[in-house]
Amino acid sequence: MAESEKFQHVENIKKPSRRARRRAGVLVCAGIATLFATFTTLSPHHALIPWAGCSGRHQSTSEETIRYDGEHIDWKACGTIADRQVECSDIYVPMDQFNASNGVGKAFKVPLIRLRGQNATKSILLNPGGPGGSGLNFVHRRGAQLSTIVGEGFHLLSFDPRGVNQSLPLADCYPTAETRQALSPVRAKKLVEDSGELWAWSTNHVRACADNLGEYAAYVNTPQTAADMNSILDAIGQEDMYYWGFSYGTLLGQTYASLFPERSARIIIDGVANQFDWYNSPYDSEAFTDTDKVFQGFLSECTKAGPSKCALASISSDPQVLAEKLTTSIAALQDEPLSVYINSTVYGILDYWTVWDEAIFEALYRPTMWYDLAKNLASLLQGNATDAFLAYGFESPNAWNTTARGDALEFVMFNDGVTGPDNFPKDRASFLDELLPFFNQSMFSATEYDTYFKKRAWTLGKTHGYKPVRHGRPVKTRHPILILSTSYDPICPLISAKSALESFEGSRLIEVQGYGHCSVAVPSMCLAKLVREFFDEGKLPKDEHTRCGVDGEPYFVKPEETVTLMEFEAEDERKIHLAQMELAKGHWVRPGRRVGW
């Protein structure tokens, strides 16, 4: 296929040459402390010129570092996870992957982590979502479970994308934690009443983001990160991309597969966001398609489980009655929040937004949270707000020191998509007239209230030309991609997975028939087997759309209970089931929301 034919669905983007991609990320030293310590220039083909102390000629014999045959980077041992060896390194990638002459000598440091498989010859790259999710943290927290699912035939490799967490420079709108604490708070709860303050604050906020990161600010985006993944492959001497991306990671996966189809050998996107809305539309029209259905599912599964498992069922056995009681009681908190006093250091208020967003909406992502949510909501309806306040409303004095680092989710989301005053109404009143109907599409849409004010104010120019064309010619990847989704995902709905199915030639969709964000929100041995077969053999489900059942009864299980929901004769299957149950406890995040997994 001619190069031009591969990219007819993408407008106006220049790809790095194959030679440039092979060289861009291979000159690395594990544990280098500073970004600009010893190299200052880029070659015409994007390769970073290494400092003299970086071993690049032969396999390392140092006790502190190791270089594997066929690779171009040194690794350092950095612990173990479930008796598996973990190793760490860094690569440097050019600030602008698509223009070698732009920003000569400027680069991002991208830290890598790899969990080694016992019989592995290839690495699967992982992205946990966000944008802004840390791959380093992801492997430490969930690498063991994912390795159990894919098997010992693969290393699991993840990274902090440019601008994220331990990457340098960090995409941050505030120079210090103290500045963040002083300048980031803004009233953004009541859609109309708070809009004036949010309108003015957003204008200052986005200017601070641009000023704080300087020239690098516009280059923190998904297409640049997709090109960075080729630099990672080149560094480890691997031609084919093996990838599993969750939530926002599905946008990164779709972008990579579209830009580099010839290297896309095994791509899984899990909990799919619509790339056409993400890149091309001012508003994300699909994200909340099934959110209310997941809320209804929470209440329906509660009444099925009964009072012994779901405390809310003791109030009513009718899910519709429960919905009315909850929405009425919680709505009253908008004007009359509850005061909660424990002692002189622990007290505060419980308001509508805390209960609706921090408690209910967050729990829709993870059915493993439903047991505690039901217990806390039942106490609230019965007049005791203490449990709900401690679980969702109390913020310790040290909270500012424990939040996720940086603001990469804003940089990536806004640098990718349609932003700026020219793409939105000019005045606040007209902007509200456009926003209010959008927020009425779901009971939970207004949780994105402040996002759109910042999106409207964002004025950094685009440093990529990636613009996927809806209903264009499907992308033909080296091997068809595998698409995973639950039936009812609160923020990345099944309809978005079907959109991706239409966009990639020969792709297959596996639907896990349950609730939650991403396929791993609930255990399914059917899914786990298909995922392993795909990575191992490239085997695809026979049908274009395959449905997998959920194992056992995964809803309203006590969090502290580690039990199997089903019995399995094979020990390997039992281990996979337990790994899936542990994965289901993970904190999945949607594009544009808070970070952490």
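Analysis parameters
- Residues numbered from 1 in each chain as written.
- Predicted model: local features only at pLDDT ≥ 70, side-chain atom pairs only at ≥ 80, totals over all residues.
- Heavy atoms only, no water.
- Disulfide = S-S within 2.5 Å.
- Helix = DSSP H or I, 4+ residues; strand = E, 2+ residues; numbered from the N terminus.
- Buried < 20%, exposed > 50% of the residue type's maximum accessible area, 1.4 Å probe, protein only.
- Phe/Tyr/Trp six-rings, centres within 6.5 Å; stacked < 30°, edge-to-face > 60°.
- Lys, Arg positive; Asp, Glu negative; His and termini not counted.
- Salt bridge = Lys/Arg side-chain N within 4 Å of Asp/Glu carboxyl O.
- Polar contact = N/O pair within 3.5 Å; in protein donor to acceptor, adjacent residues only side chain to side chain.
- Contact = heavy atoms within 4.5 Å.
- Pairing = 2+ DSSP bridges.
- Axes fitted to C-alpha atoms, helices over the stretch in contact; angles between N-to-C directions.
- Expected span 1.5 Å × (residues − 1).
- pLDDT = per-residue confidence, 0-100.
- Parallel < 35°, antiparallel > 145°, perpendicular 65-115°, else oblique.
- Left-handed = near helix turned anticlockwise from the far one by under 90°.

A. Layout of the state of the cysteines. Scanning the model with the defined rule gives four disulfides in all. Note that Cys78 is cross-linked by a disulfide to Cys88, the S-S spacing being 2.0 Å. Disulfide Cys78-Cys88: torsion about the S-S bond near 80°, hence right-handed. Here Cys78 is found in strand β1 (residues 76-81), whereas its partner Cys88 is found in strand β2 (residues 84-94), with ten residues between them in sequence. You can call Cys78 partly exposed: its relative accessible area is 27%. Relative accessible area serves as the criterion here: at 22%, Cys88 is assigned to the partly exposed category.

B. Representation of unusual backbone geometry in the model. Following Gly130, the chain continues into Pro131 via a peptide bond in cis, with omega recorded as 0°. Among the secondary structure elements, Pro131 is positioned in the loop between β4 (122-127) and α3 (135-150). Following Leu168, the chain continues to Pro169 via a peptide bond in cis, the omega torsion being -5°. Mapped onto the elements of the fold, Pro169 is located in the loop between β5 (154-159) and α4 (177-183). In this structure, Asn165 is a non-glycine residue whose phi angle is positive, near 50°.

C. Representation of the packing of aromatic side chains within the structure. This structure, assessed with the given rule, holds 42 aromatic pairs. Ring geometry for Phe154 and Phe535: centres 5.9 Å apart, planes at 55°, overall tilted. In this pair, Phe154 sits in strand β5 while Phe535 sits in helix α18 (residues 525-537), placing the two residues 381 residues apart along the sequence. The pair Phe154 / Phe535 is uniform in exposure class, with both members buried. One aromatic cluster in this structure is built from Trp199, Tyr283, Phe424, Phe431, Phe438, Phe439, Tyr449, Tyr452 and Phe453.

D. Representation of the side chain of Lys455. Structurally, Lys455 can be placed in helix α16 (residues 449-457). As a buried residue without a salt bridge, Lys455 has its nearest oppositely charged side chain in Asp284, at a separation of 7.7 Å. Of the polar contacts made by the side chain of Lys455, one reaches the backbone oxygen of Pro282; its length is 2.9 Å. In this structure Lys455 touches Ser281, Pro282, Tyr283, Phe414, Val418, Thr419, Gly420 and Phe424, once residues within four positions along its chain are discounted.

E. Seen up close, the sheet that holds β4. If you trace the ten strands from one edge of the open sheet to the other, you get β1-β2-β3-β5-β4-β6-β7-β10-β11-β12, paired in mixed fashion. The open sheet has two edge strands, β1 and β12 (545-548), and neither has a second partner. Adjacent strand axes in the sheet meet at a mean angle of 25°, parallel and antiparallel pairs treated alike. Inspection of the sheet shows strand β11 (residues 508-515) paired to β12 by four bridges, in the parallel sense. Across the sheet, Ile510 pairs through a bridge with Thr546, a residue of β12. Here helix α6 (residues 222-235) sits on the sheet in contact with β2, β3 (107-115), β4, β5 and β6 (241-246), set at roughly 120° to β2.

F. Quick peek at the pairing of strand β9 (residues 346-350). Bridging between strand β8 (residues 338-343) and β9 involves five bridges; their strand directions are antiparallel. Across the sheet, the residue bridging to Val340 is Gly348, located in β9.

G. Region of interest: α18. Spanning 13 residues, α18 covers 18 Å between terminal C-alpha atoms, matching the ideal 18 Å at 1.5 Å per step. Those residues of α18 that fall on the buried side of the exposure criterion are Met525, Leu527, Ala528, Leu530, Val531, Phe534 and Phe535.

H. Seen up close, the environment of Thr225. Looking at the secondary structure, you find Thr225 in helix α6. With relative accessibility at 4%, the residue Thr225 sits in the buried group. Between the alpha carbons of Thr225 and Arg162 there is a distance of 6.7 Å; along the sequence they are 63 residues apart. The residues contacting Thr225, other than those within four sequence positions of it, are Phe159, Pro161, Arg162 and Leu252. A distance of 3.0 Å separates a polar side-chain atom of Thr225 from the backbone oxygen of Asn221.

I. Looking closely at the pairing of β3. Counting buried residues in β3 gives nine out of nine residues, a clear majority hidden from the surface. The alternating pattern of β3 places Ala107, Lys109, Pro111, Ile113 and Leu115 and Phe108, Val110, Leu112 and Arg114 on opposite faces, both of which are buried. Relative to β3, β2 is paired through nine bridges, and the arrangement is antiparallel. Looking across to β3, one finds that Val86 is bridged to Leu115.

J. Geometry of the confidence of the model for the protein. In this model, the protein carries an average pLDDT of 87, and 85% of its residues clear a pLDDT of 70 or more. Confidence drops under a pLDDT of 50 for residues 1-12, and excluding neighbours within four residues, the segment shows 26 contacts in the predicted structure.

K. Region of interest: the packing of helix α5 (residues 195-213) against α16. Contact geometry of α5 with α16 gives a least axis separation of 9 Å together with a crossing angle of 50°. When the axis of α5 is compared with that of α16, the two are oblique. Judged by the sense of rotation from one axis to the other, the crossing of α5 with α16 is right-handed. Together, Ser195, Leu198, Trp199, Trp201, Ser202, Thr203, His205 and Val206 of α5 and Tyr449, Asp450, Phe453, Lys454, Arg456 and Ala457 of α16 make up the contact between the two elements.

L. Examining the pattern of salt bridges more closely. Inspection of the entire model under this criterion finds 28 salt bridges. With a closest N to O distance of 2.8 Å, Asp74 and Arg67 form a salt bridge. Measuring nitrogen to oxygen at the nearest pair gives 3.6 Å for the salt bridge that ties Arg263 to Glu239. With a gap of 24 residues between them, Arg263 in the loop between α7 (248-259) and β7 (264-270) and Glu239 in the loop between α6 and β6 connect regions that are remote in the sequence.

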